[in-house]
Every structure is written in structure tokens, then in C-alpha cells.
Amino acid sequence: MKRIYNFSPGPAILPEEVLRQASQAVLEVDGSGMSILEISHRGREFAAIHAEAKAALLRVLNLDANEYEVLFLGGGASLQFAMLPMNFLSEGRSADYVDTGEWSLKAMKEARRYGGVRVATSSVDAHYSEIPAFEPPAPGAAYYHITTNNTIEGTQWCDLPVTGVTPLAADMSSDFMARDIDHTRCAFIYAGAQKNAGPAGVTVVIARRSFLSHASPDLPAMLAYATHVKNDSLYNTPPVFGIYVVGLVAQWVEAQGGLAVVEARNRRKAALIYAALDTHPDVFDVPVRRICDRSIMNIVFRLLDKDREPAFLQGAKERDMSGLKGHRSVGGFRASIYNAFPHEGAEALADYLTSFAEARA
Ligand SMILES: *Cc1c(COP(=O)(O)O)cnc(C)c1O
């Protein structure tokens, strides 16, 4: 099988080893005589897979299983936009949100249905091309919500903020397991798996048990964290295959040497591409100027000469690169280079950017 350079933002590239293991498991899982697609979610095989997926995630993120709960839910990160406020903003409570672009706006929109939303700070005036300076939480805020990596705008929090007694809730969909940061700063982490952690259809939620214990019990069962905690994500049929693959990806990250190694690789790949773009400011525009705000996962850029966009995409296609078109809301281009994206692919793009820029001269 010939693999192309898949720059797609999500669903996105997964490690080839993981794909091989998963495809084997589609035929037969762990000598059971059954496919991973056929086993019961209450059977012995899945119990082991589920327990290991949870344990591997906590090991990778360096979180203590006594303090943190791992849930595997459906509905994508988008359902978490609603579930989080539904569970924590009852009785007129309010939460702080940092507005860093389209995904945080969506999160806020859902939160406003259930309680108060204070925009702690926003980079809207900078067209979301930066991460705003940290503003401390308001006293009494139920939580402080951030989007660690802004998939569409190409910005990323350099480091997680310290929010003191206010629980930090982080949408990590597009940089989950990508960086060696202090995850204990978070009370609540969620990520749609399809960006950096697995296939579409499973959402990872990792939260402090002490935080989850304050969730509202008075909700439809499927929307209450209490239900999923009490039933260990098995209240209904969980996304079995997705959980299996997320577990394999977490084990893959461990086998690479953990988050520090993976982050260093990610930084090297991103640096190659940003350097090629920055070398030709007469051809490329990188809207995110501040180095520390630049995403190492999603590199957003434009051509100053818009008329050359089709030629750029055509040239990329000829070099076996796909998925470079920017999000429909911002246009331009976006190179998504998640954990599994190979170094050679970043080199290939950097070479292409350079030759594209120089071809004009
Ligand atoms: C993709 C994405 C989402 C939405 O994820 P779904 O699983 O499709 O609901 C939310 N937040 C961020 C940061 C994303 O990149």
C-alpha cells in the first residue's frame, strides 16, 4: 500500500502500525475467533481492551487513576460543548470562556443555553490570529474553558493557564496527546478522537473525579456525566472499535518514548514548514505572527496572490499531498501535521513551498 501525505484536519492520519493492528483485529481480536466489530461490549475481551485503553491514556498524560476518570462517549467534541454546561451551570451559575475562534464560539453558544457565560478574554479583534493574554477567572466561575489548539485558525496555547481554585476545562480535540504539558492543571479534558487520537465516533473525556462529583444528576441519562461515571462508559453500547483504536494510539505514543519525544518531533516538523513559509513573505502570508502562538498541529497560510491557489493545490496533488485546503470559513491553506504525520512529509511540503515560491522569481 502506498501512503500519500495526508494533511487532512480530521479525520486524520493515524500511525501505520496502529492501522495494521486494527485491521488484524477487524478479522480477529486476541484469538477470540471474533472480530473487534463483533464482540460484546460486556464480554471478557472488551473488558480488557477498555481497561487498557483507559490506563494507557492516563499513563501517557501522566495522570493518576485515583484522581482522574476516563470516559468514552459518543456525539463528538460538539456534544461536550453542551454537556459540560448542562452538567455544571445549573441554578444560575456562570462559567468563563476564552474566545479564540470558531470552536470556542461554538462551545460558548451551547453554554449560553444553560447558564451564564463570561468571555474572560478574546482575540476576535486580532481576527483570532493570536492567543489573548491570560485573564484570571471570575470569582465563583463554575469552570474556565479554553480551546488548547484552534484547528481552524492555527493558534495554540503555549502552555496551559493556571486557574487556581477554578476548574480548568480544555477542549483538546486537535492537540490531545501531542505535547508534554502539565495535564494536572485541567479538571476536565475532552477531545473528539478523530484529530490526533483515533477514528471518528468516540470522544475522550478525562476529568477529575472531584469535579465530576458536582455534575447535575437531574438530566436525561445519556447527557449526565453521573450516568457514564457510574456505569464506566457502559450505560449504553459504547463505540467499541473507536475505544480499541484510541488505546492502540496511546500505546503507540508510549512506544515512541512518550509525550516529550512526540512533542519534539511535532515541533521539528512544524518548524520546517514555518521556516519555508517565513522565508518567502512576498509569496506566503502566515496570519499567526507570534511564534509561541503558532500551532504545531495545524499550520495555516495563504498565498498573497490568490490567483495562484489552484496551481498550488494542483502541484501539491502531483506530489501526493492531500488535505491542504484551508477551512471553508478562513480560506487559504492548512497543513495539519498530527502525531502520526511523517517527518518526510513535512520535508516534502517545505521543499514544495520553497520551489513554489522560487518558481515565480
Ligand atoms: C474538530 C473539533 C471539534 C469538533 O469535533 P467533533 O468531534 O466533530 O464534534 C471541536 N473542537 C475542536 C478544537 C476541534 O478541532
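What counts, and at which threshold
Residues numbered from 1 in each chain as written. Predicted model: local features only at pLDDT ≥ 70, side-chain atom pairs only at ≥ 80, totals over all residues. Heavy atoms only, no water. Helix = DSSP H or I, 4+ residues; strand = E, 2+ residues; numbered from the N terminus. Buried < 20%, exposed > 50% of the residue type's maximum accessible area, 1.4 Å probe, protein only. Near = heavy atom within 4 Å. Polar contact = N/O pair within 3.5 Å; in protein donor to acceptor, adjacent residues only side chain to side chain. Areas by Shrake-Rupley, 256 points an atom, 1.4 Å probe, with all protein chains shown as cover. Nonpolar A, V, L, I, M, F, W, Y, C, P; charged D, E, K, R; others polar. Core = buried A, V, L, I, M, F, W, Y, C linked by side-chain atoms within 4.5 Å. Contact = heavy atoms within 4.5 Å. Domains from an automatic or database assignment. Buried area = accessible area lost by both parts, 1.4 Å probe. Salt bridge = Lys/Arg side-chain N within 4 Å of Asp/Glu carboxyl O. Pairing = 2+ DSSP bridges. Axes fitted to C-alpha atoms, helices over the stretch in contact; angles between N-to-C directions. Expected span 1.5 Å × (residues − 1). Arc of directions from axis to C-beta. Disulfide = S-S within 2.5 Å.

This next bit is on unusual backbone geometry. Across the junction of Gly 10 and Pro 11, the peptide omega takes the value -5 degrees, indicating a cis bond. Of note, Pro 11 is situated in the loop between β1 (5–6) and α1 (16–27). With a phi angle near 45 degrees, Asp 30 is a residue other than glycine that sits in the positive phi range. Locating Asp 30 in the fold gives a position in the loop between α1 and α2 (44–61). On the basis of relative accessibility, which here comes to 62%, the residue Asp 30 falls in the exposed class. Residues other than glycine seldom take positive phi values, yet Tyr 128 does so here, at roughly 60 degrees. Note on placement: Tyr 128 falls in the loop between β4 (116–122) and β5 (144–147).

Attention now goes to the site of the ligand. Looking at the ligand, there are 13 residues lining it, with Ser 78, Thr 151, Asp 171, Gln 194 and Lys 195 nearest. One of the side-chain N or O atoms of Gln 194 is found 2.9 Å from an oxygen atom in the ligand. In this structure, an oxygen atom belonging to the ligand sits 2.6 Å away from a side-chain N or O atom of Lys 195. Contact with the protein chains hides 87% of the accessible area of the ligand, taken as 390 Å² for the molecule alone. Per-element accounting of the shell around the ligand gives the leading share, 4 residues, to helix α3 (residues 76–88). Of the residues contributing to the shell around the ligand, the split by class is 3 nonpolar, 8 polar and 2 charged.

Let us look at the nonpolar core. Formed by 53 residues in total, the largest nonpolar core has its most connected members in Leu 57, Phe 72, Phe 176, Met 177 and Ile 206. It is helix α7 (residues 240–256) that provides the largest number of residues to this core, a total of 10 residues. If we ignore the near neighbours within four places in the chain, the residues touching Met 177 are Leu 57, Val 60, Leu 61, Asn 196, Ala 197, Val 249, Ala 250, Val 253, Leu 259, Val 262 and Asn 339.

Let's shift gears to the domain arrangement of the protein chain. Domain boundaries in the protein chain define domain 1 (16–256) and domain 2 (258–360). For domain 1 and domain 2, the distance between their C-alpha centres works out to 27 Å. Listed as interface residues are 27 residues of domain 1 and, on the opposing side, 29 residues of domain 2. Taken over both partners, the interface formed by domain 1 and domain 2 buries close to 2,300 Å², and the fraction arising from carbon and sulfur atoms is 52%. A per-residue breakdown of the area domain 1 buries against domain 2 is headed by Ile 152, Gln 156 and Gln 256, which together make up 21% of the total. Our count for the domain 1 to domain 2 interface comes out at 1 salt bridge. Here Arg 290 and Glu 130 are joined by a salt bridge, their closest N and O atoms 3.9 Å apart.

Okay, the sheet that holds β5 next. With mixed pairing, 7 strands are arranged side by side in an open sheet as β2-β10-β9-β8-β5-β3-β4. For this open sheet the edge positions go to β2 (68–73) and β4, each flanked by a neighbour on one side alone. When strand polarity is set aside, the average angle formed by the axes of neighbouring strands in this sheet is 20 degrees. Pairing analysis gives 2 bridges linking strand β3 (residues 94–99) to β5, with the strands arranged parallel. Residue pairing across strands places Asp 96 opposite Tyr 144, the latter belonging to β5. Seen against the sheet, α2 touches β2 and β10 (203–208) and runs at an angle of roughly 125 degrees to β2.

The end-to-end C-alpha distance of helix α8 (residues 259–279), which contains 21 residues, comes to 30 Å, matching closely the 30 Å that a straight helix rising 1.5 Å per residue would cover. Among the residues making up α8, those that are buried are Leu 259, Val 262, Glu 263, Asn 266, Lys 269, Ala 270, Ile 273, Tyr 274, Ala 276 and Leu 277. Buried residues along α8 cover an arc of 160 degrees about the axis, so they all sit on one side.

The next point concerns the state of the cysteines. In this structure the tally under the stated criterion is 1 disulfide. A sulfur-sulfur distance of 2.2 Å marks the disulfide that ties Cys 158 to Cys 292. Note that Cys 158 is positioned in the loop between β7 (155–156) and β8 (168–171) and Cys 292 in the loop between β11 (284–285) and β12 (298–303), a separation of 134 residues in sequence. Cys 158 gets classed as partly exposed once you look at its relative accessible area, which sits at 39%. Free cysteine: Cys 186, not disulfide-bonded; nearest cysteine sulfur from Cys 158 at 15 Å. Cys 186 sits in the buried class, given a relative accessible area of 0%.

With that out of the way, let us pick up the sheet that holds strand β14 (residues 333–336). Sheets are built from strands paired through backbone hydrogen bonds, the pairs being either parallel or antiparallel. A sheet is described by the order of its strands in space; here 3 strands give the open sequence β11-β12-β14, paired in antiparallel fashion. This sheet does not close on itself; its edge strands, each paired only once, are β11 and β14. The pairing of β11 with β12 spans 2 bridges and is classified as antiparallel. Residue pairing across strands places Asp 285 opposite Arg 302, the latter belonging to β12.

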